[in-house]
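Take a look at the letters that make up each chain.
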Amino acid sequence: MTNRTRLLQETIQARQRAAALVEALVQASTASEPVPKRDLYKRVTGSSSLDNAIAEARRAVEAYDRLIGEIEKEAEKGDPQPEVVVRPDALRASGSASGFVSGAIGCLVPRTATA
C-alpha cells in the first residue's frame, strides 16, 4: 500500500466518522426540547452550542471532501507522493473548540527530495 493510498483511506474513514457525528448531533438536536431560558449561550450569541457543534462538524466533513478530492486529483495527474501540511496557526485562528481542524485540512504539497 502506497502512502497516498493509506492517506486516502485514513481520510475517508475520518470523513465517515465526522459525517456520523453530524448525524448524531442532528438527531440530538431534534430530540432535545428547546429550553431557551436555560441555554445562556444561545441567549448571548443567538445560536445554541449544539447548533454551533453541528455547523462545525459539517465544515469538517466539507474539508475532508476537499482533501479527498485533492488526493484523488493528484493521483490522476501522477504527481509525486503528497505531503499533508497541517498549519497549527490555522487551528488557533479557526477558534474550533470541537477538536475539528476544518481550517487546517486540505493543504497538499509535493514531497521534495530535501523534505
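Residues numbered from 1 in each chain as written. Predicted model: local features only at pLDDT ≥ 70, side-chain atom pairs only at ≥ 80, totals over all residues. Heavy atoms only, no water.

Draft legend 1. Broad picture of the overall build of the protein. Within the protein, the regular secondary structure consists of four helices and two strands. Reading the protein from its N terminus to its C terminus gives the helix and strand order α-α-α-β-α-β. Taken over 115 residues, the protein has a buried fraction of 23%. At a minimum sequence separation of 6, the contacts of the protein that also span at least 24 residues come to 75%. In the structure as shown, the protein presents an accessible area of about 7700 Å², 54% of it carried by carbon and sulfur atoms. (Helix = DSSP H or I, 4+ residues; strand = E, 2+ residues; numbered from the N terminus. Buried < 20%, exposed > 50% of the residue type's maximum accessible area, 1.4 Å probe, protein only. Contact = heavy atoms within 4.5 Å. Areas by Shrake-Rupley, 256 points an atom, 1.4 Å probe, with all protein chains shown as cover.)

Draft legend 2. Examining the pattern of salt bridges more closely. In the structure shown here, the tally under the stated rule is four salt bridges. For R6, the salt bridge identified is with E10, shortest N-O distance 3.2 Å. Of this pair, R6 and E10 both sit in helix α1 (residues 3–31), four residues apart, which is roughly one turn of that helix. On the basis of relative accessibility, which here comes to 39%, the residue E10 falls in the partly exposed class. Note that E56 is salt-bridged to R59, the shortest N-O span being 2.6 Å. Highlighted residues: E56 and R59, both in helix α3 (residues 49–77), separated by three residues, approximately one helical turn. (Salt bridge = Lys/Arg side-chain N within 4 Å of Asp/Glu carboxyl O.)

Draft legend 3. Focus on α1. Helix length check: α1, at 29 residues, gives a terminal C-alpha distance of 42 Å against a target of 42 Å (1.5 Å per residue), a fit within 8%. Turning to α1, its buried residues number three or more, namely R4, L7, T11, A14, A18, V22 and L25. (Expected span 1.5 Å × (residues − 1).)

Draft legend 4. Representation of the side chain of T11. Summarising the element assignment, T11 is placed in helix α1. Excluding anything up to four places from it in sequence, T11 contacts Y64, L67, I68 and I71.

Draft legend 5. Quick look at the packing of α1 against α3. Interhelical geometry of α1 versus α3 gives an angle of 160° and a closest axis separation of 9 Å. Here α1 lies roughly antiparallel to α3, going by the angle between them. Relative to α3, the crossing made by α1 is left-handed. Across the contact of α1 with α3, the residue classes tally to 21 nonpolar, two polar and seven charged. (Axes fitted to C-alpha atoms, helices over the stretch in contact; angles between N-to-C directions. Parallel < 35°, antiparallel > 145°, perpendicular 65-115°, else oblique. Left-handed = near helix turned anticlockwise from the far one by under 90°. Nonpolar A, V, L, I, M, F, W, Y, C, P; charged D, E, K, R; others polar.)

Draft legend 6. How the structure looks around α3. Spanning 29 residues, α3 covers 42 Å between terminal C-alpha atoms, matching the ideal 42 Å at 1.5 Å per step. Burial in α3 covers these residues: I54, E56, A57, A60, V61, A63, Y64, L67, I68, I71 and E74. Just beyond α3, the residue with positive phi is G78, at close to 75°.

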